[in-house]
Each structure stands twice: as C-alpha cells, then as structure tokens.
Amino acid sequence: MKLYKKEGNIVQILSFPNETVEKGDYLLIEDGDVGKGLIVQVIDVQFANIPGILEELLRSLPDGGELIQGEDFDPLEIAPHITYIQDARLLRCKIRATMNNESLSPNSSWLPSRSQSAIKKLPIPTLLKMAKTTGELPIVLGGTKDSMLLTIDASSLDGRLNIVTGKKETGKSHLSKLLMLNLIRYGATVVVFDLNGEYTSLGMTSDEKRNAYHNKIHVLTPSQNFKVVLKQLNLHVLLSILIHALHLPGTSAREFRTIWRSLKERDNLTLHELGEAIRNSRCNHHVRDALFSRYYALLNSRFFTDNVAEAMLLNESLLKAKNEGGAIIINLRNTSSIDRQIVVEYVLGKLVELLTSWKLKAVFLFAEEAHLYLRETYWDDIVTRMRHLGIFTTFVTNQPNTIRENIYRQADNIFLFNFTNEHDLEVVSRAARVDAETVISIATDLPPRHCLVLGKVVKDFPMVVKVKALDIKTMGETRLFFKDTN
Amino acid sequence: MLIEQLAITTTPKYSFPQPTIDTSLPQRLIELSIHSLKHAQNQPFQLNQQFFQQSNNLEQIQTTRTQLQPIPLTPKQEETMVAAVDTSSIKIGETTKGMVIAVRGATIWKNRKYYRYLRFGPFIFHVTEENKKQVYTALQRAYLNSPYEHNHNGSPSLLQMPTRIASLLERWQQTMLSKTVTNGLILFDGSLTSGINGAPTQRIKEILDNARKKQNIVLAFSKMTSLRFNGYLITDIPINHKPPYLFKIADLKPKPPIVLLGDVYVAKLTKGNYAFRLDIDKQVPTEQKIEALEKLLGNDLLSQSYPETLRLAHILCTFTANEVIAMQHFIARKYDLKIINRPDMHRLLFGPFGKGETCS
C-alpha cells in the first residue's frame, strides 16, 4: 500500500490486488523518521484511476459487445502485470487519530512521508487496546470481520444517551437485549418500554427454560399485573397524565387540582369518589364535561384501581432491581395509543420522583419507537433534565427521522444497522460524534446483524461488529400468514 | 544479481494452417529482449511516455498525370477470409545508457462473421548505442537470414530503433500471413513502397509472391500520404461520385532506390469525408484488384472507409497507458531498475510556456 493523497481529513491510499482491505478496516501509516503513525479508517474502496483503462476495456469488447476471441503470445508474461495495475484500488480513508509512543491523540495536523511511510492493517484488538475501550465491566458485542471480539465497557453506557437504529429486521432489538442483559449482569436497573412485547421472555432460553436472568426480569403489563391505586399517586404525576396524555386544558386542570386536594384531605381518593366529586363540582359545565371525559379515559384504561391488593407497585420492582440488578419490562403490546401515553407518563413521573428522592441511583431506559408514546416536551427533557436526574436513555427505532435532531446531536453512542435509504442515513449523520461520509459509506453495506458502532463506547473509532447471538426466547418475530401452510 | 530465467517458447497454438512457419524471429526477439534487459539491471530508469508512431517514410515520388476516372465498386458477398497486420512500438523509459522500448504486433482475421486475433508481445528491449547494432543485426539475421541485406543506411539511429524493430516484426507477421492464408485478402497498414528504411524491396517482393502463390491479394491502406496531385493531397481530390469507388493514381515516378511494388489508388469505400491511399500488388490483374476490393466490401465491416479488420489490428497492438505502467512495473520488479524522475527541461526553463519535451 502506498500513501497517495491527503485532502482535509481524507487520506487516499493506493492498494494492490494482493492486499485485502475492506471498508471499515483500520490502517496504520507509520512514518519511522518522525516516530509517529496516523490511524485511518477505510470508508470507501474504489478502483484506482489508471490512465488508459477505458481504452483497455473498450479494446476487449470491439466485436459488437462480444469478447473478441484470440491468443496472446506473451513470452515475458506482462499480462499479469497489466491486470495487477488494472485492479489497483484507491482506499478513501478517514483520519481517526495519531499514534505517538503507543498513545493516541485526535491530532491530525501532521503529514506522514509519502515515500517513506509503511502502511499496514491495524487489527481491531490492537486498536481497542490502545484506545483503552475495555475496562472492568466488559460487554462483548460480537465479532469483528477478522474474527476478533469487540468488547466495550458497560461504564461507557453509564450517563450516556444512546441510539440504536437501522431498517427493520437488521437486529436492533437483539442488540438492545444484549446491552440490557449485560447491564443487568453488572447490577444496573433497566426500564424498557416494550412496544411489541419483544422483551417479555428475556428470562427464558430459546428452548423455554429459565435462564440466569429469569429472576431479574419483571414484566409489567398495564391493566393486568400493572395497576395503580389512585391513593398512591402524586397529584403532579396524575396532572401530567391529564395534561400531556389526555390534553386537559389549563382551566380544567386547576379545577381538577381543587377536587383532588379536597378528596385527599378527606382521605377519600378512590375512583368512585373522584367521579362523584367531578359530577357534584360547581364549576362551569364545559369544565365539568372536560373533566368527565378524562375521568372516563382513566377508568377505561383499567390501569387505575382502588384495590390495593390488585396494584403491583412499580416502586417495589424498581427497588428490587436496584438491589440485585434487574429489568422492568413495561409491556405495551395490545395497549391503545392513549393508554400507552398514560402508562408512559406514569412510569416516567414515578422514575423522576424516585430519582429525585435518591431512592433510585440511576436507571437505564430503553425506549422502542419512542415517538409512538413520548410527548413532545420529553425529548428535550431526556437529554437535559432527566439525564442529570439519572435516566440514561437508549432509543431504539427503525425510523430515524422520528427522533429529533437535538437527540442525535447530543447522542453519545450510536449503534447503526443497515440503511439503504439515503434520507435515513442523512438523518443519522447529523450526530455530532460521527462524520456523514463514514455513516453513509459504511452503513449502506452492512449485512444483517452487523452494526456500525459509533461514539464513546469505541472511543470514537467507528467499528463494524457482527452482533453475537443470545440464547433467549425470541418474541420479536413477525407473524407470517404463509409460515405453516407448507 | 541472478535474473529469473523466463520460459522461452513460441506459441504452441498458431491458429492458421501451419505449413512451414518460420518462428525464428519471435524466438530471437525473446532472447534479445531478455538479454538486453539483463544489461539494464540496477540502472536508474527515467519514465517516459512518448509514443512512437509508425511514421510514413517520406516518399520521394512525383506524380505526372493521373486518370481521375472513378471505378465504382459493388460489394461481393462471396465468402473470403480477410486478414490484417499491424504493429506498434513505444519508448517506456530511459536509462543512463539508452532507452527501454516495447514492440507488439497483432494479426486479425475474419472468417465468416467472427474476428479472431493473435498478438505477439510485448517484447521489451533495452537499446543502447553499444548494443543497438547487435540487436538490430541479430533480428535482421533471424528474419532475413543475412545482415544488412538491402540496407543502405547501416544500423538505425537509437531514436529509430523502436519503429525499425516493429517493422521487422510486422514484416515477419506479413510473411506468415502470406504463407498461411489461402484465397484471402491480406490487409497491410501502410503502403507497398519499398527501398526505404524498414521496407527492403526483396523482402516485400517475397511477401507479395508468397501471397499470390496462395491466391491471396494484398491491400495496403495508408492512413496518411504525402502524395499530391495538382496541389491537393491525393486523398483530398474532390470526385463527384457516390461511394464506394476507387480511382487510380497513374504514372508515379519514384526516385531510386524507392520502388513501388503496388499500384496506387485512392479508395473511398463508405459515405463521409474519408478516403485512403490504397496500394494493391502490381502483379495482380486490374479485374482481380477491383474484385478484391468488392470482396472486402462484402466480407468486412467498413467504417469511415477503413476496414474493421485493420482497425482491430491497430487497436490490439497499440499500447495503452495502463500497459505502459504495467511494463514499467515489470522491468522495475524483474530487473530492479530504479525509477527516477528527471526534470522536464522545457517545463523547468519555460514554466507554463514549456509544453513538455514530447511536444518540442
């Protein structure tokens, strides 16, 4: 390999057919004279622009598009040299770091010698070792192209905002489960908004036996084993539900607050009494109607109850998870859009309450297709206020444009699966931790279950990994009409 | 340093009928090529991409009068093999003592509707003032059986060497075709003018004799000519006739030692602005000459008045820039020539006004 050109932070390297280099590979350009090396990543492999190549190709097809038949008497065997030159490749590489005495720095202000530099492939484990990506809490994500393990550290997910995205059936949920189970293994508290019930069997192996995580997975299904007693609700949590999920106007919210306080003073906070209080309220009849319609929405969700024995306390599950590590799966499958928003408002409100009072230290929140249940104002909350409170969110989506641009800008880690649509990639490439060229070039060629890892987990060295398999019962499979007809 | 010995073999699969093919020239080309390159080993090597065209020797021929009567042509579909020969040479670099050149030849033939080719080379030579005589004499001997036969100018200058070696290869290919094709049309690139450098009269006569013996007719197409009539280049003479046609340039008086072994015509074989000088073996009766042209029209594709078979021969022997790089790579690897970049004096002295040495 030979260093050919440098423009900005792009280096072009000439590679010959006997050197196997692919997109995503790392190369080390070592300049012995200055004792430094430039670490670059291949983001595109092109044919080298060899003079005369067009003539060469045209010459081979002059007979109406068919190859002209003939023999070459080539005693000096020049032909292999011609094909060698013809197949020369140009590697477009992005400068990632400078290596100086085994330590890395993001500096790329120097230029290695074009004539004297030696270029070689940099194995991923060597790079990871130099970048010090692994610590005391290793998470094996899977294998790299050269069959090496890619290990990240759980602490690099701590306090971070993560995005897992890619088109459907590429393995996003699988990676989320892998991250989640490893976080549980290290004693973390995880909350999952499970839109399709994919996470409910994480405690079971593929042959339906209990696995090591069985006792740490708590599946809460709203209106079934997850109900809330009105008495135990904080007014501000319920008001959040009413205002944000059920769009209660401000005047009506003020009236509701009066009713609630009155019932609470009388220790009479039940669903029945709440209904009666609204009915008997001497407020404007429009306000009363508004309150009534929200009251019935709460009632019909069957998420609220007066029966304490029926109520599964979220607090208990969370505190149990806090002590031993565990995941609370909020199963939102078969839950209507309104009910979903009610549940999410409740859970987030509760989490904030517990974190504010330091009853919980921190929570890793996994949100699948969050745009379907997260209200507008929460997006900003998540990257600012909630992160400081200790909610570290991982968004999982196959529609990257549903996540706001400011989320991408502030994302610390991005796990990117295949996208073929340029518009989708353009959205993802707005992330601050990566350049658009890398995203667009590498992500379009990712095979299923392969993920481009970007951000702090890999110390800003983008890496492609084949996500390792998990022995858990799969629940995220698409239901098929023709599956059993044969 | 020990140089890896290359396998020296001539092609085992020559696709023509093989009566008595003299393969001594290619054999000698390989030997000389390797021998000369061995002597170039470890020398600094200056890259050069200057192409040598097969230059038309200045023909000192006077035209007196000519019959400008066009002869109309009607394509004749009678199945006839069309074969063509062309060679090219290129200088691929300079050494401290001389230069490294490459030559290649291509033979194309069209039988029924398919084109086939046989390519010889590239043969790479390191030619110096010291070895040029030896190289050229050895090749001549291999081809003509005696050195300096009909060579009035001694060994060529160093700069002439690429075209002269290519000429030798081309004559050998023409000889092979004239001996192996039967009842066919053999197309040469250039004229049938002999007695000038690279075109010994005796040898061309032999080629034409061999061709006639096998009922072949040689048609030599010149892409450029210096022959003029009434101030016009003969190919530019306006003729009010619908192509295809040809007209004869009669009573040409070449100055000795130049000999015209063919009758000179101007052929306009398709519509458009292009016409070519066409030399047809003098010994062939006029009717057969015209019939040969008509068979060419009926058996080969013609684009811009030029036969496809000859065009392919040219295309297949021409060196592309890619091949030049590959040959430079080959000699640098195999013979350890150190590549240097000598500054272009024109650029150096005249800056943007210096157009490079090749354009001087």
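The shown structure was predicted, so the numbers you read here are calculated from the model rather than taken from an experiment.

Draft legend 1. Seen up close, the interface of chain B and chain A. Contacts between the two partners involve 30 residues from chain B, matched on the other side by 23 residues from chain A. Elements that contribute at least two residues to the side of chain B that touches chain A include exactly helix H1 (24-38), strand E7 (114-128), helix H6 (308-317) and helix H7 (321-334) of chain B. When residues of the side of chain B that touches chain A are assigned to their parent elements, the largest contribution, nine residues, is made by E7(B). Looking at the side of chain B that touches chain A residue by residue, the class counts come to 19 nonpolar, seven polar and four charged. Sheet topology places strand E5 (residues 69-73) of chain A next to E7(B); five bridges connect them, and they run parallel. Residue A:Phe73 lies in a different strand from E7(B), and its bridge partner there is B:Phe120.

Draft legend 2. Seen up close, unusual backbone geometry. Looking along the chain, the bond that leaves B:Gly121 and enters B:Pro122 is cis, with omega of 10°. Locating B:Pro122 in the fold gives a position in strand E7. Omega for the bond connecting B:Pro243 with B:Pro244 falls within 30 degrees of zero, at 5°, which places this linkage in the cis form. As for its placement among the helices and strands, B:Pro244 is situated in the loop between strand E12 (232-233) and strand E13 (245-249). Notably, A:Asp267 is not glycine yet its phi reads approximately 50°, a positive angle. Inspection of the secondary structure assignment puts A:Asp267 in the loop between helix H6 (250-265) and helix H7 (271-280). Residue classification places A:Asp267 among the exposed residues on the basis of 8 C-beta atoms within 10 Å. Of note, A:Arg449 is a non-glycine position whose phi angle comes to about 70°, a positive value. Inspection of the secondary structure puts A:Arg449 in the loop between helix H15 (436-443) and strand E20 (450-455).

Draft legend 3. Quick look at the domain arrangement of chain A. Residues and elements named next belong to chain A. One can read the domain layout of chain A as domain 1 (2-123), domain 2 (138-226 + 312-467) and domain 3 (229-305). Contacts between the two partners involve 13 residues from domain 2, matched on the other side by ten residues from domain 3. The residue makeup of the side of domain 2 that touches domain 3, split by class, is five nonpolar, three polar and five charged.

Draft legend 4. Here's a closer look at the sheet that holds strand E13 (residues 217-220) of chain A. Residues and elements named next belong to chain A. Spatially, E10-E9-E21-E20-E19-E11-E18-E17-E12-E16-E13 is the arrangement adopted by the eleven strands of the open sheet, whose pairing is mixed. Pairing within the sheet leaves two strands with one partner each, and these edge strands are strand E10 (149-153) and E13. Here the strands of the sheet are splayed against their neighbours by 25° on average, with no regard to which way each runs. Sheet analysis places strand E19 (residues 413-416) next to E20, joined by four bridges and oriented antiparallel. Paired with Leu-416 across the bridge in E20 is Leu-452. Sitting on the sheet, helix H9 (residues 314-324) touches strand E12 (189-194), E13 and strand E16 (326-331), and the angle it makes with E16 is about 150°.

Draft legend 5. Region of interest: helix H4 (residues 172-185) of chain A. Residue and element names in this part refer to chain A. Between the first and last C-alpha of H4 there are 20 Å, a value that for 14 residues agrees with the 20 Å anticipated at 1.5 Å per step. Of all 14 residues in H4, twelve are buried, a share of seventy percent or more. Looking at H4, one finds that the buried residues are Lys-172, Ser-173, His-174, Leu-175, Ser-176, Lys-177, Leu-178, Leu-179, Met-180, Leu-181, Leu-183 and Ile-184. Trailing H4 by a residue or two, Gly-187 shows a phi angle of about 85°, which is positive.

Conventions we followed
Starting afresh in each chain, residues are numbered from 1 along the sequence in its written order. Ligands are numbered from 1 and chains lettered from A, in the order in which they are written. Reporting of local features is limited, given that this is a predicted model, to residues whose pLDDT is at least 70; pairs of side-chain atoms are given and counted only at 80 or more, and all residues count toward the totals for whole chains, interfaces and linings. Once C-beta atoms have been placed from the backbone, residue pairs whose C-beta atoms lie within 7 Å are recorded as contacts. Where helices and strands are cited, they refer to DSSP runs of H or I of at least four residues and of E of at least two residues respectively, numbered from the N terminus. Residues are grouped as follows: nonpolar covers Ala, Val, Leu, Ile, Met, Phe, Trp, Tyr, Cys and Pro; charged covers Asp, Glu, Lys and Arg; every other residue, Gly included, is treated as polar. The rule for pairing is simple: two strands pair if DSSP sees at least two bridges between them. To assign burial, the other C-beta atoms lying within 10 Å of each residue's own C-beta are counted, with C-beta atoms placed from the backbone; 20 or more indicates buried, 12 or fewer indicates exposed, and intermediate counts indicate partly exposed. Where a domain begins and ends is set by an automatic assignment or by a domain database. With axes taken as lines fitted to C-alpha atoms, and helix axes fitted only over the stretch in contact, angles between N-to-C directions fall between 0 and 180 degrees. A helix is expected to reach a length of 1.5 Å times the quantity of its residues less one.

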